[in-house]
Amino acid sequence: MRNVLVSGAGIGGPTLAYWLRRAGFSVTVVERSPGLREGGQAVDVRGVALDVVDRMGLGEQVRAVRTRMRGMSVVDGSGAELFRSEEQTYSSGRLDSPDVELVRDDLVSLLYKATAADVEYVFDDSVTALQQDEHGVRVEFERGGFRTFDLVVGADGLHSAVRRLAFGPEERFAQHLGQYLAIFPAPNLLGLDNWQVWFRDGETGGAVYPVHDNTELRVTLGFASAPLSYDYRDVVAQKEIVAKKLAGTGWEMPRLLSEMAGAPHFYFDAMQQIHLDSWSAGRVTLLGDAGYCASPLSGQGTSLALVGAYVLADELARHDDHTAAFAAYESRLRPFVAANQALATENPGGPAAEESVDRAKNAISLT
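All values derive from a computational prediction rather than experimental measurement.

Conventions used here
All residue numbers refer to position in the chain's written sequence, counted from 1. A pLDDT threshold of at least 70 governs which residues receive local features in this predicted model, and a stricter bar of 80 or more applies before side-chain atom pairs are shown or counted, although totals over entire chains, interfaces and linings include all residues. Hydrogens are left out, water is left out, and the side-chain values use all remaining heavy atoms of the structure. Runs of E in the DSSP output that reach at least two residues are strands. Runs of H or I that reach at least four are helices, and both are numbered from the N terminus. Here the term buried applies to any residue with accessible area under 20% of the maximum for its type, exposed to any over 50%, and partly exposed to those in between, with areas from a 1.4 Å probe on protein chains only. Like-charged residues are merged into a patch within 9 Å and nonpolar side chains (Val, Leu, Ile, Met, Phe, Trp, Tyr) within 5 Å, provided each residue has over 30% relative accessible area and no salt bridge. Accessible areas in this description were obtained via Shrake-Rupley with a 1.4 Å probe; residue shielding takes into account the shown protein chains only. The salt bridge definition used is simple: a Lys or Arg side-chain nitrogen within 4 Å of an Asp or Glu carboxyl oxygen. Convention adopted: a line fitted to C-alpha atoms gives each axis, helices being fitted over their contacting stretch, and angles between N-to-C directions are expressed from 0 to 180 degrees. In these notes the angle categories are as follows: under 35 degrees is roughly parallel, over 145 is roughly antiparallel, 65 to 115 is roughly perpendicular, and the rest is oblique. Residues count as neighbours in contact if any of their non-hydrogen atoms are within 4.5 Å of one another. Charged means Asp, Glu, Lys or Arg here, nonpolar means Ala, Val, Leu, Ile, Met, Phe, Trp, Tyr, Cys or Pro, and polar covers whatever is left, Gly included. The criterion for strand pairing is that DSSP finds at least two bridges linking the strands in question. Only buried residues count toward a nonpolar core, which is a set of Ala, Val, Leu, Ile, Met, Phe, Trp, Tyr and Cys residues joined through side-chain atoms within 4.5 Å.

A. View of unusual backbone geometry. Backbone geometry at Asp213 places phi at a positive 60 degrees, although glycine is not the residue there. Secondary-structure assignment places Asp213 in the loop between strand 16 (204-211) and strand 17 (216-224). On the accessibility criterion, Asp213 (75% relative accessible area) is exposed. One non-glycine residue, Asn214, lies in the positive phi region at around 65 degrees.

B. Structural detail: a nonpolar patch on the surface. On the surface, Leu82, Phe83 and Tyr90 cluster together into a nonpolar patch covering about 290 Å² of accessible area. With respect to the helices and strands, Leu82 occurs in strand 5 (residues 81-85).

C. Focus on the environment of Leu221. For Leu221, the position within the fold is in strand 17. Considered as a pair, Leu221 and Ala182 are 39 residues apart in the sequence and their alpha carbons are 5.1 Å apart.

D. Spatial organisation of the packing of helix 6 (residues 235-246) against helix 7 (residues 253-261). Across the interface, helix 6 lies against helix 7 with an axial gap of 10 Å and an inter-helix angle of 170 degrees. In terms of their interaxial angle, helix 6 and helix 7 are classed as roughly antiparallel. Of the residues in helix 7, those in contact with Lys239, Val242, Ala243 and Leu246 of helix 6 are Met253, Leu257, Met260 and Ala261. Of the residues assigned to the contact of helix 6 with helix 7, the class counts are 7 nonpolar, no polar and 1 charged.

E. Representation of the sheet that holds strand 20 (residues 284-286) within the structure. Pairing is mixed across the open sheet formed by 6 strands, whose spatial order is 9-2-1-13-20-19. The strands lining the two open edges of the sheet, one partner per strand, are strand 9 (120-123) and strand 19 (280-281). Inspection of the sheet shows strand 2 (residues 26-31) paired to strand 9 by 4 bridges, in the parallel sense. Bridging across to strand 9, Thr28 finds its partner in Glu120. The strands touched by helix 10 (residues 322-345) within the sheet are strand 13 (151-154), strand 19 and strand 20, with strand 20 carrying the most contacts at an inclination of about 15 degrees.

F. Local environment of the nonpolar core. If you look at the biggest cluster of nonpolar residues, it comprises 73 residues, and the most contacted ones within it are Leu16, Val307 and Leu333. Sorting elements by how many residues they give to this core places helix 9 (residues 301-318) first, with 10 residues. In this structure, Leu16 is in contact with Val6, Val153, Leu287, Ala309, Leu312 and Ala313, ignoring residues within four places of it in sequence. By size, the runner-up hydrophobic cluster in this structure holds 25 residues, among which are Ala182, Leu192, Trp195 and Leu246.

G. Main features of the pattern of salt bridges. Counted by the stated rule, this structure contains 18 salt bridges. Residue Arg37 is joined to Glu31 by a salt bridge in which the shortest nitrogen-to-oxygen separation is 3.0 Å. Residue class for Glu31 comes out buried when judged on its relative accessible area of 6%. Here Arg255 makes a salt bridge to Glu252, at a shortest N to O gap of 3.1 Å. Put simply, Asp314, Glu315, Arg318 and Arg332 are held in one network by salt bridges that share partners.

The structure is reproduced here in structure tokens:
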């Protein structure tokens, strides 16, 4: 039985673990966080990615926790409404679409529950060194010790440790898209009832929408900027950056920034894409944002992770040789990745056109 280490317990990692176990592999998932990561924005499961979820038997559960938006408004810095729609939202597209929008931590929880019984999860640890030979990969861990695996998959996000160890520094592969994004929860201080509000004031803006039966808000704040220098693990410093950049912004920004200061979960990062000539190096390969991040501007990161995990597991099950499996994985998935990355780079100023999203989300077949 082939023994696989997956780094990252977000969306791609557990999905890959599910399909590898179905194919008879032994799987260990290592996650730097002490537990499942909470917080994050609403994410979309679109097109062929919904087929992956349905094939996992999770379709009904995913749809049960979907957001129930009735529409959206767009306002300026003074709060004046510029536009409203009861047919679509910028985050999820048309409200009558079969695509599903749900909160990221709800999806992560469902994927974990679907795999916890027969996948080894190691939390509060991470990969610190990789040494390959013809028989396997010797993996050293932050908490000490080492283990040997037949294959290693980096599903550990934009700042992937596996990618850095196996391929080189992040700056070789990252393309900055000129924006930064912060996401955090807040009480529903605006009294929103399944309604999104998008706002823009100069080069800053964002969105506010309720989740979990309108009991809380998820706040997304953004600003344009050249690359900034900061520690991506220093949350206090990141909140200070956001507060400084958005100081003086109108609408409800002072109240939102006040809530941000005490928010228990906080995400902040540059809008970047990852481009590599190859997603594999020997017995190591990459999945999701670690290998081909499209950025949240595409709205397709979750679907890329779900579909990428399915295709990678499928090819590993088809081939006895990992080199052939990795090559087939890239051959099948690269057109899908290219179409979805283009959603962000071809329309960097706002939501992608509906027809472009429709083309991108189905630019691959699972068969």
